[in-house]
Amino acid sequence: MAFIKKNYGWIIVTILASLPLIVLSKMINMDWVNGLTLSLVENTGKGGRSTLDMLYHVTGEFAIRWMTAVLTCTPFFILFGVTNLFVRQAMGIAAAVWSILHFIIFIWMEGFLETFTQVNYVAGFIAVLILIPLLFTSNRNSMRRLKSKWKKLQKYAYAAIVLSLIHVALLEKTWIIYAVVVGVGFIIRIPEVKERIIRFRLKRKRLR
């Protein structure tokens, strides 16, 4: 119970990030007879999409959602004074895992060399490369080992989200809502805006 009480936020994020994998797993057959063999279940896509295209679409959607969620943590703290570093780490792990899955499925569909044929693909690829070291350092041991360098490394998440927005914008996906959320978050981070919000929040708290 002590572990759950200490890590309940991390556990909730992990569950939320993992649940869609149950749905996606139903689109894939695993055969263990002669070693592990993967094949797709046909006709599981929606809206006229093939199964593989559906996997590509869903993993991409969850990747950009979790990356956006990570970048809302700081604005959420500024607005409400609530923060949890380990929840943020869990969100970062979810964003990285979904992004890597998305890229793996892209390679399955198009092949690795296709990555370099369009600007949007290159932007997405660079975003994944940035997220890989962030994934492996999103833990308490890395925080202790890297110390002040850990925060500097994690700031590369900003570059990853910008590249991801370029990626989905050029694909003409429903990217605008993510751009608005991220944009508002950056506005809230502006020192003058941040200080005014925090002063207002603390003043309201004292008046209660």
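Use the structure listed above.
Let me begin by describing the structure that accompanies this report. (Residues numbered from 1 in each chain as written. Predicted model: local features only at pLDDT ≥ 70, side-chain atom pairs only at ≥ 80, totals over all residues. Heavy atoms only, no water.)

### With respect to the pattern of salt bridges
Tallied over the full model, the rule gives 1 salt bridge. In this structure, the salt-bridge partner of Arg65 is Glu61, at a minimum N-O distance of 3.7 Å. Of this pair, Arg65 and Glu61 both sit in helix 2 (residues 51–71), separated by 4 residues, roughly a single helical turn. With a relative accessible area of 40%, Arg65 lands in the partly exposed category. On the basis of relative accessible area, Glu61 is assigned to the buried category, the value being 14%. (Salt bridge = Lys/Arg side-chain N within 4 Å of Asp/Glu carboxyl O. Helix = DSSP H or I, 4+ residues; strand = E, 2+ residues; numbered from the N terminus. Buried < 20%, exposed > 50% of the residue type's maximum accessible area, 1.4 Å probe, protein only.)

### Looking at the nonpolar core
Core analysis: the biggest nonpolar cluster contains 43 residues, and Trp66, Met91 and Ile161 have the highest contact counts within it. Within the residue set of this core, elements represented by two or more residues are helix 1 (2–25), helix 2, helix 4 (85–110), helix 5 (119–136), helix 8 (156–170) and helix 9 (176–189). Looking at this core, the element that brings in the most residues is helix 2, giving 12 residues. Those residues in contact with Ile161 that sit more than four places away from it in its chain are Ile64, Met67, Thr68, Leu71 and Val182. (Core = buried A, V, L, I, M, F, W, Y, C linked by side-chain atoms within 4.5 Å. Contact = heavy atoms within 4.5 Å.)

### Examining the packing of aromatic side chains
Scanning all chains against the criterion turns up 11 aromatic pairs. Measuring from centroid to centroid gives 6.4 Å for Phe103 and Phe106, while their planes differ by 20 degrees, and the two rings are stacked. With Phe103 and Phe106 both in helix 4, this residue pair falls 3 residues apart, about one helical turn. Residue Phe103 shares its accessibility class with Phe106, and that shared class is buried. Considering the side-chain rings of Phe112 and Phe116, the 5.4 Å spacing of their centres and the 80 degrees angle between planes classify their relative orientation as edge-to-face. On the basis of relative accessible area, Phe112 is assigned to the partly exposed category, the value being 36%. (Phe/Tyr/Trp six-rings, centres within 6.5 Å; stacked < 30°, edge-to-face > 60°.)

### Considering a positive patch on the surface
On the surface, Lys149, Lys151, Lys152 and Lys155 cluster together into a patch of positive charge. A relative accessible area of 60% places Lys151 in the exposed class. (Patch = residues over 30% accessible without salt bridge, like charges linked within 9 Å, V, L, I, M, F, W, Y side chains within 5 Å. Areas by Shrake-Rupley, 256 points an atom, 1.4 Å probe, with all protein chains shown as cover. Lys, Arg positive; Asp, Glu negative; His and termini not counted. Charge placed at Lys NZ, Arg CZ, Asp CG, Glu CD.)

### Focus on helix 9
Compared with the 20 Å implied by 1.5 Å per residue over 14 residues, the 20 Å span of helix 9 between its first and last C-alpha is a close match. Here helix 9 has its buried residues at Tyr178, Val182, Gly185, Ile188 and Arg189. Down the axis of helix 9, the buried side of the element spans an arc of 120 degrees, and every buried residue falls inside it. Among the exposed residues of helix 9, those pointing more than 90 degrees away from its buried face are Ile176 and Ile177. (Expected span 1.5 Å × (residues − 1). Arc of directions from axis to C-beta.)

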